[in-house]
2 protein chains.
Amino acid sequence: MQDIARKAGVSSATVSRVINQSGYVSSETRKKVEAAIQQMDYVPNSQAVSLKTGSSKTLGIVASNFSDTMMVLVRSFTLAAQQEGYTVTFYITDEDKQKELDVLEMLRGKRLDGIFLLIRLNDWSAIEPYAKYGPIVTWQRVDSNHIASVYMDQYHAYTLGLEHLYASGCRSIVNLYSNSHGLNTKSRIKAYEDFCTRHLLPVHSADLFMGLNTSRDGERVAQWWLEQSVKPDAFMTSSDSVAAGLVTQAQRLGCHLPEDFSVIGFDNIEISRLLDISTIDYPVAKQAKNAFALIFHQLTNREVFLEPLDFQLISRKTTKN
Amino acid sequence: MQDIARKAGVSSATVSRVINQSGYVSSETRKKVEAAIQQMDYVPNSQAVSLKTGSSKTLGIVASNFSDTMMVLVRSFTLAAQQEGYTVTFYITDEDKQKELDVLEMLRGKRLDGIFLLIRLNDWSAIEPYAKYGPIVTWQRVDSNHIASVYMDQYHAYTLGLEHLYASGCRSIVNLYSNSHGLNTKSRIKAYEDFCTRHLLPVHSADLFMGLNTSRDGERVAQWWLEQSVKPDAFMTSSDSVAAGLVTQAQRLGCHLPEDFSVIGFDNIEISRLLDISTIDYPVAKQAKNAFALIFHQLTNREVFLEPLDFQLISRKTTKN
DNA sequence: TTGTAGGCGTTATCAC
DNA sequence: GTGATAACGCCTACAA
């Protein structure tokens, strides 16, 4: 910067003003400075800027693993952030609690301005203290005054799916849950229990079908179904990936859907459209967009627009009617 | 840092030594300093460190858009980088040449230590000059002394697929190419032409099937096939995504594979396994790992191990035999 | 083994 | 309008 200041015959302060379009600078000197910048092929050192301003213009997105749904989140969040000049760094904690804490530390270390936490590993009590170093927004539901969430209650969305199955004649529905400790799962279990009570149906235990996340998991469930003497007539799944595995494996095993059993996915990502799987359209991309908006708001105090979150059932070919 | 130096009764230099485990420091003072760090809950400002050291310990991964294959690359690259203490930032250029240049500028601006470029938008001549500011490794093939590549020639892999189709009786093969300007596509066209010459088959024009990247594109091809009076009996695709769209739409339209026509995907990602699509297992994850290794090597001069790259045909149910 | 001090490349507060 | 100059928080010769 000194070099170009010298070349333009001004001081580095003026160069700074030109670059940041701040303060007064005559259009004449501005021209000179800009010319010098061009000639010397100068580019500001962003580390120095960050050190001075105290902001890295970088946001972190943290996930414990990788799934198609998360990719949608990453994509949408990144796009929104780029729009406002933020850069997004992606961290895979790989089920390692320490790694999650490491990322949180980066908030303190000024490496990150904010964090979008998809799936947490540590207790909220361990995460919450970091909120004072920068905005943390989570995808999962959380009870905290310091951590915002783009969470959307799954109770009603899930109920919608269950009622759709009931209306099409299903009376023995099995629920495939993902992580057992999440509040989303709790909501779903509650929705299922209420549903059973409402229709005087027997409630089956939830424990058997926990921790199902991938298409491989779904495939195993198809196998399981075949081996049962008393077979359920429908599956509510936690994600389209699981549903996709279930559906394709069932077809491989000679089953016909929805005659043999019905399946409802969750999230409405590409694969469910491809495979004609009925699913709940859950506004994942909008959640990510809102996550950025919330972080941006906390960072800048600027007004932001939050997309309304809604869901709907998309009836395709793995459910009757 | 001054604060904790004061608290420990030493100078900031000593604190720095303790933190970086560099230079001499008696175990006694080290204890004191560490205690102070604990108590004051101190964490170094990474921007200041970066400014001083000239390295941000951050790598960029640049893609023009999002596809399943790229997600595999991102995942594998990120994991490898995290292993060595690097952080990975993800940039979507969204087909915008300027955005790509912006990322390249970050290399100059010291925001990025290195770049893994998946799909380039600008001419190599515009990209190459940036290599002097930091390592650039590309996924695509490139002829440059300054830009390394984890590219793997697709000629032989593609030929393998074509010969498999020929052996199973296909004589009228249509190639679905992705981007028309890439060297990969050129290799594939060459492979196809040589294949035709070898077997005395007529060569069809390549122009018709360029720019096919997504499952939607694949679906359109299925529709196209149905409308032809003289129908080809096989498709070689540029990715499993395209193949997946083609296969599912064909089934929707009442076609039977591989009786009506054969399909071979590319990359062997999850969806091809799910849909039983024959494909070429292409070592995408290894390429990403190597990309990091190459960058790491240029950055640190340390010895690195490069995974050998190989491919194979995975025969599933969209090809005969 | 430890301390002093200069500088990394900016931004921002003053004077002028 | 513009120019000194003091931080920002850290690392690292060089001295002691």
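In what follows, the structure referred to is the one given above.
Residues numbered from 1 in each chain as written. Chains lettered and ligands numbered in written order. Predicted model: local features only at pLDDT ≥ 70, side-chain atom pairs only at ≥ 80, totals over all residues. Heavy atoms only, no water.

A. Focus on the interface of chain A and chain B. Contact with chain A, which involves 47 residues of that partner, is made by 47 residues of chain B. For the pair chain A and chain B, the summed buried surface comes to about 4,100 Å²; carbon and sulfur atoms form 49% of the total. When the area that chain A buries against chain B is broken down by residue, the three leading residues are Gln47(A), Arg111(A) and Leu274(A), summing to 16%. Note that Glu219(B) and Arg273(A) form a salt bridge whose closest N and O atoms lie 2.9 Å from each other. For the side of chain A that touches chain B, the elements supplying multiple residues, two or more each, are helix H4 (46-53), helix H5 (68-83), strand S2 (87-92), helix H6 (97-108), helix H10 (215-227), helix H11 (240-252) and helix H12 (270-274) of chain A. (Contact = heavy atoms within 4.5 Å. Buried area = accessible area lost by both parts, 1.4 Å probe. Salt bridge = Lys/Arg side-chain N within 4 Å of Asp/Glu carboxyl O. Helix = DSSP H or I, 4+ residues; strand = E, 2+ residues; numbered from the N terminus.)

B. Quick peek at helix H3 (residues 27-40) of chain B. Residue and element names in this part refer to chain B. Helix length check: H3, at 14 residues, gives a terminal C-alpha distance of 20 Å against a target of 20 Å (1.5 Å per residue), a fit within 8%. Listing the buried residues of H3 in full gives Thr29, Val33, Ala36 and Ile37. With its buried residues spanning 100 degrees around the axis, H3 presents them on a single face. Looking at H3, the residues exposed on the side facing more than 90 degrees away from the buried face are Glu28, Lys31, Gln38 and Gln39. (Expected span 1.5 Å × (residues − 1). Buried < 20%, exposed > 50% of the residue type's maximum accessible area, 1.4 Å probe, protein only. Arc of directions from axis to C-beta.)

C. Structural context of the relation of the copies chain A and chain B. Least-squares fitting of chain A to chain B yields an RMSD of 0.2 Å, with the transformation described by 0.1 Å of translation along the axis and a rotation of 180 degrees. Each copy turns onto its partner about a two-fold axis. Within chain A, the C-alpha atom positioned nearest to the axis of rotation is that of Thr89(A), 2.1 Å from it. With an isologous cut-off of 70% or more, the 100% of interface residues of chain A that recur at the interface of chain B puts this contact in the isologous class. (Least-squares fit on C-alpha atoms with pLDDT ≥ 70 in both.)

D. Focus on the pairing of strand S1 (residues 58-63) of chain B. Residue and element names in this part refer to chain B. Where burial is concerned, most of S1 is hidden: six out of the six residues are buried. Side chains Thr58, Gly60 and Val62 project from S1 onto one buried face, and the interleaved Leu59, Ile61 and Ala63 project onto a second face that is buried too. With six bridges connecting them, S1 and strand S2 (residues 87-92) associate as parallel partners. Residue pairing for S2: Val62 is matched across the bridge by Tyr91. Of the strand pairs in this sheet, S1 and strand S3 (residues 114-117) are connected by four bridges, and their pairing is parallel. Across the sheet, the residue bridging to Val62 is Leu117, located in S3. (Pairing = 2+ DSSP bridges.)

E. Looking closely at the pattern of salt bridges. Residue and element names in this part refer to chain A. By the definition in use, this model includes 22 salt bridges over all chains. The partner of Arg141 in a salt bridge is Asp153, with the nearest N and O atoms 4.0 Å apart. Highlighted residues: Arg141 in the loop between strand S4 (136-138) and strand S5 (148-149) and Asp153 in the loop between S5 and helix H8 (154-167), separated in sequence by 12 residues.

F. Spatial organisation of the sheet that holds S2(A). Read across the open sheet, the 10 strands follow the order S5(A)-S4(A)-S3(A)-S1(A)-S2(A)-S2(B)-S1(B)-S3(B)-S4(B)-S5(B); overall the sheet is mixed. Looking along the sheet, the strands with just one partner apiece sit at the ends: S5 of chain A together with strand S5 (148-149) of chain B. Across the sheet, H6(A) is in contact with strand S1 (58-63), S2, strand S3 (114-117) and S4 of chain A together with S2 of chain B; its angle to S3(A) comes to roughly 150 degrees. Its contacts with the sheet put helix H6 (residues 97-108) of chain B on S2 of chain A together with S1, S2, S3 and strand S4 (136-138) of chain B, and the angle it makes with S3(B) is roughly 150 degrees. (Axes fitted to C-alpha atoms, helices over the stretch in contact; angles between N-to-C directions.)

G. Inspection of the protein's contact with DNA strand D at higher detail. Near DNA strand D you find 23 residues, and of these Thr14(A), Arg17(A), Ser26(A), Lys52(A) and Tyr42(B) are the closest. Within 4 Å of the protein, atoms of DNA strand D come from sugar and phosphate in 62% of cases. A distance of 3.0 Å separates a phosphate oxygen of DNA strand D from a polar atom in the backbone of Ser11(A). One of the side-chain N or O atoms of Ser16(B) is found 3.0 Å from a phosphate oxygen in DNA strand D. Those elements giving two or more residues to the surface near DNA strand D turn out to be helix H2 (12-20) and H4 of chain A together with helix H2 (12-20) and helix H4 (46-53) of chain B. It is H2(B) that contributes the most residues to the surface near DNA strand D, four residues altogether. Its residues assigned to classes, the surface near DNA strand D comprises 11 nonpolar, eight polar and four charged. (Near = heavy atom within 4 Å. Polar contact = N/O pair within 3.5 Å; in protein donor to acceptor, adjacent residues only side chain to side chain. Nonpolar A, V, L, I, M, F, W, Y, C, P; charged D, E, K, R; others polar.)

H. Representation of empty space enclosed by the protein within the structure. All chains considered together, the criterion is met by two cavities of 30 Å³ or more. Computed from the structure, the largest cavity encloses a volume of approximately 210 Å³. As for the largest cavity, its lining consists of 20 residues, and the residues nearest its centre are Thr58(A), Arg111(A), Gln47(B), Thr58(B) and Arg111(B). At the level of secondary structure, the elements contributing two or more residues to the lining of the largest cavity comprise H4 and S2 of chain A together with H4 and S2 of chain B. Taken together, the residues that form the lining of the largest cavity break down as four nonpolar, 14 polar and two charged. Considering only enclosed or pocket space, the second largest cavity measures out at about 30 Å³ in volume. Residue lining of the second largest cavity: Phe66(A), Met71(A), Val74(A), Phe90(A), Phe66(B), Met71(B), Val74(B) and Phe90(B), and that is the complete set. Of all the secondary structure elements, the ones that give two or more residues to the lining of the second largest cavity are H5 of chain A together with helix H5 (68-83) of chain B. (1 Å grid on protein atoms, 1.4 Å probe; cavity = no way out; pocket = protein on both sides within 12 Å on 5 of 7 lines; lining within 4 Å. Points joined across faces, edges and corners; volume = space filled by probe spheres on them.)

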